[in-house]
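Residues per chain are reported as follows:
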Amino acid sequence: MPDSAELTFAHDLADHAASIARRHWRAEEQAVQIKSDGSPVGAADREIEEALLRRIHEQRPGDAIVGEESGAHGQGRRRWIIDAIDGTASFLAGDPEWSTLIALEVDGRITLGMVSAPALGRRWWALPSHGAWTGPLPAHPAPAHRLRISEGGNAADSALGIWPPPTRLNKAQRVVATALAARTARTTPALDWSKADSAAPLPKKPSTGSGTCHGALLVATGQLDAFLLLGAGPWDIAALIPIVQEAGGVFSDLSGQQRTDTGAALFARPGLHDQLLDIASSATAADPESRHLE
């Protein structure tokens, strides 16, 4: 299991976030706002992000930071990417599938990924060339075990997770989701991805009941063959990239690039990833009226 000053610092940030989150989780009254994309934000999101920003400024004063709620702070070759509460809807509902996502980007490359899920009592992390690991809380757990993804797989036999549901996707995103769902054996959640039915009940996200808190972790832990996240920001993606890659999986956006700023993230087993990209590309080409995926 790797150790480094930055990994130790990331564990410290995650511990700090967890102590704040536990005070808010399942509280009787929680102030909630709905953002323009339809997702909720609560007091815990803002308090945790502000606390982590302060700690990074104090202990890594030359580093830039970007947070989901407050945006970019500073400039430099090193940048921390923070999602204070990923899965705010689950957090507010009292469900355990939420986490704090922490990533460090150096010269445009993600060099550390940390996912901390206090309500699940588990944490996942990775450093490039040092493997992906998971262990129980508290921080610096022993023993931790290494994550490994098996190779191979055909799209027609694969299990695919997609999120968010159709009501939060634009037309182009629904076209891609529909095509992938039609060409894979099982899709979670099992929906008609071509229709944005605002009257339909909100489905449970793929990680519900899995012991994880993010669809990409389902790939890293072997519970899904692939996961597609649409309408995502860098804070939704960055921390998961080294975890999936170091476990042996593949990440890209839907154009095949290693980017976190295009609104789409595909995590998959090796051998399957290119097949899914081809399906997505063909679907987009066949529907020229579709808008851009962002």
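Residues numbered from 1 in each chain as written. Predicted model: local features only at pLDDT ≥ 70, side-chain atom pairs only at ≥ 80, totals over all residues. Heavy atoms only, no water.

Regarding the overall build of the protein
Threshold: In this description a helix means any DSSP run of H or I spanning at least four residues, a strand means any run of E spanning at least two, and both kinds are numbered starting from the N terminus. Our radius of gyration looks at C-alpha atoms and nothing else; its globule reference is 2.2 Å times the residue count to the power 0.38. Each residue gets one of three labels from its accessible area relative to the maximum for its type: buried under 20%, exposed over 50%, partly exposed in between, using a 1.4 Å probe on protein chains only. By definition in these notes, contact holds between two residues if any of their heavy atoms fall within 4.5 Å. Areas reported as accessible are Shrake-Rupley estimates using a 1.4 Å probe. Residue values count occlusion only from the protein chains shown. Under the convention used here, Asp and Glu are negative, Lys and Arg are positive, and both His and the chain ends fall outside the count. For charged residues, the charge sits on one atom: NZ in Lys, CZ in Arg, CG in Asp, CD in Glu.
In terms of helices and strands, the protein carries 8 helices and 15 strands. Scaling as 2.2 N^0.38, a compact globule of 294 residues should have a C-alpha radius of gyration of about 19 Å, and the protein matches this with 18 Å. C-alpha extents for the protein along the principal axes are approximately 50 × 45 × 35 Å. Counting only residues that meet the buried cut, the protein has 55% of its 294 residues in that class. Across the protein, the fraction of contacts at a sequence separation of at least 24, relative to all contacts at a separation of at least 6, is 59%. Of the roughly 12700 Å² that the protein leaves accessible, carbon and sulfur atoms contribute 48%. Distance from the positive charge centre (27 side chains) to the negative charge centre (35 side chains) of the protein: 2 Å.

So, the packing of aromatic side chains
Stated formally: Think of it this way: a Phe, Tyr or Trp ring, Trp meaning its six-membered ring, pairs with another when their centres are within 6.5 Å, and the plane angle makes it stacked under 30 degrees, edge-to-face over 60, tilted otherwise. Whether a charge sits over a ring depends on NZ of Lys or CZ of Arg being within 6 Å of the ring centre and within 35 degrees of the ring normal.
Scanning the entire structure with this criterion turns up 4 aromatic pairs. Both rings, one in phenylalanine 9 and one in tryptophan 80, keep their centres 5.4 Å apart while their planes meet at 80°; by these two values the pair is edge-to-face. Highlighted residues: phenylalanine 9 in helix H1 (residues 5–24) and tryptophan 80 in strand S5 (residues 78–86), separated in sequence by 71 residues. By the burial criterion, phenylalanine 9 is buried, and tryptophan 80 matches it. Between the aromatic rings of phenylalanine 91 and tryptophan 98, the centroid separation amounts to 4.8 Å while the plane-to-plane angle is 85°, which identifies the pairing as edge-to-face. For tryptophan 98, a relative accessible area of 1% puts it in the buried group. An aromatic cluster is built from Trp25, Phe91 and Trp98, whose rings are joined through pairwise contacts. Stacked on the ring of phenylalanine 9, the Lys or Arg arginine 60 has its end atom at 4.2 Å from the ring centre.

Quick notes on the layout of surface pockets
For clarity, the cut-off: Every definition here rests on a 1 Å grid over the protein atoms only: cavities are sets of points where a 1.4 Å probe fits but cannot get out, pockets are open sets enclosed by protein on both sides within 12 Å along at least five of seven lines, and lining residues have some atom within 4 Å of a point. Grid points are joined across faces, edges and corners, and a volume is the space filled by probe spheres set on the points. Charged means Asp, Glu, Lys or Arg here, nonpolar means Ala, Val, Leu, Ile, Met, Phe, Trp, Tyr, Cys or Pro, and polar covers whatever is left, Gly included.
Taken as a whole, the largest pocket encloses approximately 900 Å³ of empty space. What lines the largest pocket is a set of 39 residues, and nearest its centre among them are Ser39, Gly87, Thr88, Trp163 and Arg168. Of all the elements in the fold, those that place two or more residues in the lining of the largest pocket are S5, helix H3 (88–93), strand S13 (226–230) and helix H6 (234–237). Split into classes, the residues belonging to the lining of the largest pocket amount to 14 nonpolar, 12 polar and 13 charged.

Considerations on the sheet that holds strand S15 (residues 264–268)
Short version of the rule: Two strands qualify as a pair provided DSSP detects at least 2 bridges between them. For helices, the axis comes from a line fit to the C-alpha atoms of the stretch in contact; other axes are also lines fit to C-alpha atoms, and the angle between any two N-to-C directions lies between 0 and 180 degrees.
Ordered by their spatial adjacency, 5 strands build an open sheet running S12-S11-S13-S15-S14, and the pairing between neighbours is mixed. A strand with exactly one partner marks an edge of an open sheet, and here the two such strands are strand S12 (186–188) and strand S14 (250–252). Across this sheet, the average inter-strand angle for adjacent strands is 15°, counted without regard to direction. Helix-sheet contacts for helix H8 (residues 273–285) involve S13, S14 and S15, and the interaxial angle to S15 is about 145°.

What about the environment of alanine 44?
Tracing the backbone through its elements, the reader meets alanine 44 in helix H2 (residues 43–59). For alanine 44, a relative accessible area of 2% corresponds to the buried category. Between the C-alpha atom of alanine 44 and that of tryptophan 25, which follows or precedes it by 19 residues, the distance is 8.3 Å.

Regarding the pattern of salt bridges
Heads up, the rule is: Each reported salt bridge corresponds to a side-chain nitrogen of Lys or Arg within 4 Å of a carboxyl oxygen of Asp or Glu.
One pass over the structure, following the stated rule, counts 11 salt bridges. A salt bridge links glutamate 47 to arginine 23, with the nearest nitrogen and oxygen atoms 2.5 Å apart. Of this pair, glutamate 47 sits in helix H2 while arginine 23 is found in helix H1, placing the two residues 24 residues apart along the sequence. With relative accessibility at 54%, the residue arginine 23 sits in the exposed group. Of the charged contacts, one joins aspartate 261 and arginine 259 as a salt bridge, the two residues approaching to 2.9 Å between their closest N and O atoms. Taken together, the salt bridges that share partners define one network made up of Glu6, Arg60, Asp63 and Arg78.

Observations regarding the environment of leucine 53
Here leucine 53 lies in helix H2. Since its relative accessible area comes to 8%, leucine 53 is described here as buried. A C-alpha to C-alpha distance of 8.3 Å links leucine 53 and glycine 67, two positions 14 residues apart in sequence. Not counting chain neighbours up to four residues away, the residues in contact with leucine 53 comprise Ile65, Ser70 and His73.

Some points on the sheet that holds strand S3 (residues 64–67)
The strand order across the open sheet built from 8 strands is S4-S3-S5-S6-S7-S8-S9-S10, with neighbouring strands paired in mixed fashion. Only two strands of the sheet have a single neighbouring strand rather than two, namely strand S4 (71–73) and strand S10 (145–147). Shown here is a sheet whose adjacent strand axes are inclined to one another by a mean of 20°, direction ignored. One ladder, built from 5 bridges, connects strand S7 (residues 109–117) with strand S8 (residues 122–126); its direction is antiparallel. Bridge assignment links methionine 114 to a residue of S8, and that residue is tryptophan 125. Contacts between H1 and the sheet are confined to S5, strand S6 (99–106), S7 and S8, with S7 contributing the most and set at about 35° to the helix. Contacts from H2 reach S3, S4, S5 and S6, with the element oriented near 155° to S5.

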